[in-house]
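Here is what each chain is made of, one letter per residue.
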Amino acid sequence: MEERLESRGGHGVLYALFLFSGASGLIYQVVWVRQFANVFGNTVYSAAAVTAVFMSGLGLGGYFGGRWADRLFARRAAGPLAAYARVELAIAALGGALALVLPRLEGLSAAISRYAVGEGGWLEISLGSSIARCVVAVALLAPVTSLMGATLTLLIRHVVGSDVGSAGFKIGVLYAVNTAGAACGCVATDLLLIPAVGLRATQLVAVALNLVAALGAVRLASVAVAPVVPAEIAEGAAPATVDDVRERRSFVALAAALVLTGFVGMAFEIVWFRHLTSIVGPFRYVFSIMLAIILVGLWVGSALGGLAHRRFGRPLLLLGIAQAALVVVALGALLSITRDGFFESLAQIHAWADGRAPWLQALAAYWPPAKPILACCAAPSILMGTVFPLANAHAQRVTAVVGARAGVLYLANTAGAVLGSLVVGFVFLPSLGTQRTIFAVAACAVAALAPLVVAVDEIDRAAARRLRRGLFACAGVGLVALAAFGGVPPDALLRQVVPTPPEGSKTLAAREGIGETVAVVETAKGRDLHTNGHPMSANDVGSQRYMRLFAHAPLLLMDRPRDVAVICFGVGNTLSAALLHDEIERADLIDVSRNVLSHAHWFAATNRDALRHPKVRVHVNDGRQHLRMMAPASYDLVTLEPPPIAHAGVASLYSREFYELARSRLRHGGMMTQWLPLAHLTADLTASLVRAFVDVFPVSVLLAGSPPELLLLGVNGDEIAADPAKIEAKLSAAPAVAAELRTIFVDDLDDLLGTFVASAATLRRITARAEPITDDAPRMEYQPPRAQQRPGGILDVFHPNDPAAWCPACLDGRAPDVHLVPYLEVMKRLYASGVFWNRTPVNVTISARGMEAVGRSRYLKTWLGVPVSP
């Protein structure tokens, strides 16, 4: 007789509570990956470690939670529901504790981290340090993630009760509800909560959702009407079928299949994230859209899997059909998207949205990145979502072990997912490349059909033969799809992400690594470095001008600098500039990517093979983590030019906490320079970025490298005043530095000191009402599409009204050969004209005094269209 646990609220209320639980779990995951990036470094290794611990905890929690749930159900039918309430309370407590603890762990991470000499003599985090970090992650995350995993199997035990015949449908609905909550949590976290209230408050929202789920479950359990527990469960006896060799072999084979499906599912996700961000950009909103679409697909697939079983039965055959369809759809979808198609969609939607309501423009801007993500991920995710309910539909035959069996299947699936993330991310992609990795993963999906054949345990031999033939047919379909994909040109997917060079240009190199795909493109102006399909650095004159000034400007202002830290290599412009100063005794180069560094030789003509210089120590590490590992007062200069400012993870190098760390590693009188790319920023965000810097470096100045590429320069001291006589003396003693400055159109002190944009007092005044970028509020990463600085907005920060604060000697007659005021007059005209946005020379009205400045400066002439000598 079917036994049900009926409550006055019904299962509808319980599903709503589990939706809240799913939302909270995804909120935690998104925030924790972000916070651990600050703790362990913003690297693929850090993200992989946190994800692996998170998934492992879910799987183990599901396994042990399922066994516990069976024991509770044997004693009292409402036992699993009451236990679920207690588990949600515990998750809330641990989640709240982690919200307080995680931001304070950077010191611990640095204390357990050491460098070891790696390949090529470069320094990298030692194996022992990596193990210690994993131990910390396990200690912090394993308890709470295990509890999260237990919530699923506890509720499976409760919802299924003794009605194992409908287990597939009920588990499908339950899993779908939880995944729907996760999708909502994903969208809410990155698009609403973190931009509005910050990381800590976002975690408290998750805590509140756990509390709602817990209190609701307590209420449901208290009013439940408990049915009679079946005698065989209450007495601890199990039906004979549990010991049946055939049935047990079937279950073991099914679990093995779920290891493979978990591997395949996570492997596809890893490839999708790498490939699609290379096409649409590694922005935070892109990651959010992609994860949300995958979760929605799993949600729909789980519900469809349960419905399909209730309608058709035969769960193993349905599972085989889903795997074969996954191979066909996933391979075809990846080949259907192109970079050119994305940019065409982008242009079309921009043209359509122009002139429409602002809210409609903002909403429409999400469609171009969402379109290829939908095409690539939606259908495969739906097929992957069918796996868990269909597997349970086949496995759940014995009332006494519903929770245990669900736990084993969940553990098998998550174990495969952990293995997939590690093997694909660190072995397949760097060694095989994207296209062959996809082929290998699809082959694993076909291989998952083999244990399904073993899992066939139909008593009717004719029925068993028909089922096996059906699974063999599914395998045949998958093999045909693999053969067709094998006939695709071997570089088809790589060509999708490496931009087609413009006419007269060519791609010199392209290689896929652990963290990114790197390409070197030669153009008429020089060579460009692309990572994941997007320009990252270059050695044309304009790029060299501002990147080299990151080093030259502060080093010419300082007395006897010795030690320099250069964070982010790019193509080596800044590092090679620092090495021209003979005073420098040590230059530490810090970059997270070996792949980028291995392409340095393509730019040797301009970086002078800087990585081989005897003064250089190369550290393959996150820049923030490196500074944390160094002793206070280690450097005279810390300079960096991070990846594009809107890219995910970059905010950790622009926050107030990062600047506090950097200042603590500077000696007295030491300086820091930071990139401020106005073309990538809104006016409000510009103010927030500058505010974070001047809060920590109140003695600072804003300079123009190659507008709109600006430089923030701060000093760990009491003043920052350019002394023309001292600079002239240093340049006379360093002819190589003077010669290089001339190659970037800095011919004299006018060009150098004329980079002045705003003094510290001006910066404090214009940012007084701005909220600074912090680790808790990294707003720069959460800008919507098309959020960029308006033309002319550069005037919001261009205030050269007090040049005496920058160069007193230039105005009091001590430097008669410096003509700073007329030079800045011309620069202001140029800023107002929009020339630095349009990148074409303009005609502007300039005073006679300003024209004298133009006559002396090749740099000003280039922007005014005046012919210049080389």
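Residues numbered from 1 in each chain as written. Predicted model: local features only at pLDDT ≥ 70, side-chain atom pairs only at ≥ 80, totals over all residues. Heavy atoms only, no water.

Details of the overall build of the protein
Argument step 1. For the protein, the count of helices and strands is 34 helices and 14 strands.
Argument step 2. Rg of the C-alpha trace for the protein: 30 Å, near the compact-globule value of 29 Å for 870 residues, within the 12% margin.
Argument step 3. When its C-alpha atoms are laid out on the principal axes, the protein stretches across 100 × 55 × 55 Å.
Argument step 4. When burial is assessed residue by residue, the protein has 60% of its 870 residues classed as buried. (Helix = DSSP H or I, 4+ residues; strand = E, 2+ residues; numbered from the N terminus. Rg over C-alpha atoms; globule rule 2.2 N^0.38 Å. Buried < 20%, exposed > 50% of the residue type's maximum accessible area, 1.4 Å probe, protein only.)

Focus: the pairing of strand S10 (residues 635-640)
Look at any regular strand and the pattern is simple: side chains alternate between the two faces of the sheet.
Argument step 1. The buried count for S10 comes to six of six residues, which makes it a mostly enclosed element.
Argument step 2. As paired strands, strand S7 (residues 563-567) and S10 are joined by four bridges and run parallel to one another. Residue pairing across strands places isoleucine 567 opposite leucine 640, the latter belonging to S10.
Argument step 3. For S10 and strand S11 (residues 666-677), the ladder comprises five bridges, and the chain directions are parallel. Its bridge partner being in S11, tyrosine 635 is matched across the sheet by leucine 666. (Pairing = 2+ DSSP bridges.)

A few points about the environment of serine 421
Argument step 1. By secondary structure assignment, the location of serine 421 is in helix H15 (residues 402-447).
Argument step 2. On the accessibility criterion, serine 421 (9% relative accessible area) is buried.
Argument step 3. As for serine 421 and glycine 670, which are separated by 249 residues in sequence, their C-alpha atoms are 42 Å apart.
Argument step 4. With residues up to four places along the chain from it excluded, the contact list for serine 421 reads Met266 and Ile270. (Contact = heavy atoms within 4.5 Å.)

Things to note about the sheet that holds strand S13 (residues 709-715)
Argument step 1. Strand order in this open sheet of 10 strands is S1-S2-S9-S8-S7-S10-S11-S13-S12-S14, and the pairing throughout is mixed. The strands lining the two open edges of the sheet, one partner per strand, are strand S1 (115-117) and strand S14 (756-759). Going from strand to strand, the sheet's axes swing by 20 degrees on average, the running direction of each strand aside.
Argument step 2. Where strand S12 (residues 700-706) and S13 come together, six bridges link them in antiparallel fashion. Residue valine 701 lies in a different strand from S13, and its bridge partner there is leucine 713.
Argument step 3. Against the sheet, helix H19 (residues 541-557) touches S7, S10, S11, S12 and S13, its axis set at about 145 degrees to S12.
Argument step 4. Across the sheet, helix H24 (residues 656-664) touches S7, S10, S11 and S13, and the angle it forms with S11 is around 145 degrees. (Axes fitted to C-alpha atoms, helices over the stretch in contact; angles between N-to-C directions.)

Considerations on the packing of helix H11 (residues 339-353) against helix H13 (residues 367-385)
Argument step 1. At their nearest, the axes of H11 and H13 sit 8 Å apart, and the two run at 145 degrees to each other. Considering only the axes of H11 and H13, their crossing is right-handed. When H11 is examined against H13, the residues Phe342, Ser345, Leu346 and Ile349 are found in contact with a partner set consisting of Trp367, Pro368, Pro369, Lys371 and Pro372.
Argument step 2. Class assignment for the residues of the contact of H11 with H13 results in seven nonpolar, one polar and one charged. (Left-handed = near helix turned anticlockwise from the far one by under 90°. Nonpolar A, V, L, I, M, F, W, Y, C, P; charged D, E, K, R; others polar.)

Details of the packing of aromatic side chains
Argument step 1. The final tally for this structure, using the stated rule, is 20 aromatic pairs.
Argument step 2. Here phenylalanine 273 and phenylalanine 287 contribute two aromatic rings whose centre-to-centre distance is 6.0 Å and whose plane-to-plane angle is 15 degrees, an arrangement assigned as stacked. Remark: phenylalanine 287 occurs in helix H9 (residues 284-312) and phenylalanine 273 occurs in helix H8 (residues 245-280); sequence separation between them is 14 residues.
Argument step 3. We classify phenylalanine 273 as buried; its relative accessible area is 19%. (Phe/Tyr/Trp six-rings, centres within 6.5 Å; stacked < 30°, edge-to-face > 60°.)

Things to note about a positive patch on the surface
Argument step 1. A contiguous patch of positive charge, built from Arg314, Arg461, Arg465, Arg466 and Arg469, is present on the exposed surface.
Argument step 2. Mapped onto the elements of the fold, arginine 469 is located in helix H17 (residues 461-486). (Patch = residues over 30% accessible without salt bridge, like charges linked within 9 Å, V, L, I, M, F, W, Y side chains within 5 Å. Areas by Shrake-Rupley, 256 points an atom, 1.4 Å probe, with all protein chains shown as cover. Salt bridge = Lys/Arg side-chain N within 4 Å of Asp/Glu carboxyl O. Lys, Arg positive; Asp, Glu negative; His and termini not counted. Charge placed at Lys NZ, Arg CZ, Asp CG, Glu CD.)

Looking at the sheet that holds strand S5 (residues 527-531)
Argument step 1. Spatial ordering of the open sheet is given by S3-S4-S5-S6, a layout of four strands whose pairing is antiparallel. The open sheet has two free edges, formed respectively by strand S3 (506-512) and strand S6 (534-538), since each of these has just one partner strand. Along the sheet, successive strands turn relative to each other by an average axial angle of 25 degrees, direction set aside.
Argument step 2. Inspection of the sheet shows S5 paired to S6 by four bridges, in the antiparallel sense.

Re a nonpolar patch on the surface
Argument step 1. On the surface, Val296, Trp299, Val300, Leu304 and Leu307 cluster together into a nonpolar patch covering about 380 Å² of accessible area.
Argument step 2. Along the chain, the position of leucine 304 falls in helix H9.

Considerations on the state of the cysteines
Argument step 1. What the rule picks out here adds up to one disulfide.
Argument step 2. Across the disulfide from cysteine 807 sits cysteine 810; the S-S distance is 2.0 Å. Since a negative S-S torsion denotes a left-handed disulfide, the cysteine 807-cysteine 810 link at about 70 degrees is right-handed. For the pair cysteine 807 and cysteine 810, a shared accessibility class is recorded, and that class is buried.
Argument step 3. Free of any disulfide, cysteine 474 has its nearest cysteine sulfur in cysteine 444, 18 Å distant. (Disulfide = S-S within 2.5 Å.)

Section: the nonpolar core
In a soluble, globular protein the nonpolar side chains are often hidden away together inside.
Argument step 1. Ranked by size, the top nonpolar core spans 151 residues in total, and within it Trp32, Phe36, Ile156, Leu254, Trp272, Cys377 and Leu409 carry the most contacts.
Argument step 2. Here this core takes 19 residues from helix H6 (residues 167-223), the largest share from any one element.
Argument step 3. With near-sequence residues (within four places) excluded, leucine 409 lies in contact with Phe251, Leu254, Ala255, Leu258, Phe388, Ala391, Asn392 and Ala395.
Argument step 4. Phe569, Val701, Phe745 and Ala758 belong to the second largest nonpolar core, which has 116 residues in total. (Core = buried A, V, L, I, M, F, W, Y, C linked by side-chain atoms within 4.5 Å.)

Some details on the confidence of the model for the protein
Argument step 1. This prediction gives the protein a mean pLDDT of 89; 94% of its residues lie at or above 70.
Argument step 2. S7 holds the highest mean pLDDT among the elements of the protein, 98, whereas helix H7 (residues 231-234) holds the lowest, 52.
Argument step 3. Contacts for the low-pLDDT stretch residues 234-243, under 50 throughout, to residues beyond four places or in other chains number 10 contacts.
Argument step 4. Low pLDDT (under 50) marks residues 787-793, which in the prediction has 18 contacts with non-local residues, meaning those over four places away or in another chain. (pLDDT = per-residue confidence, 0-100.)

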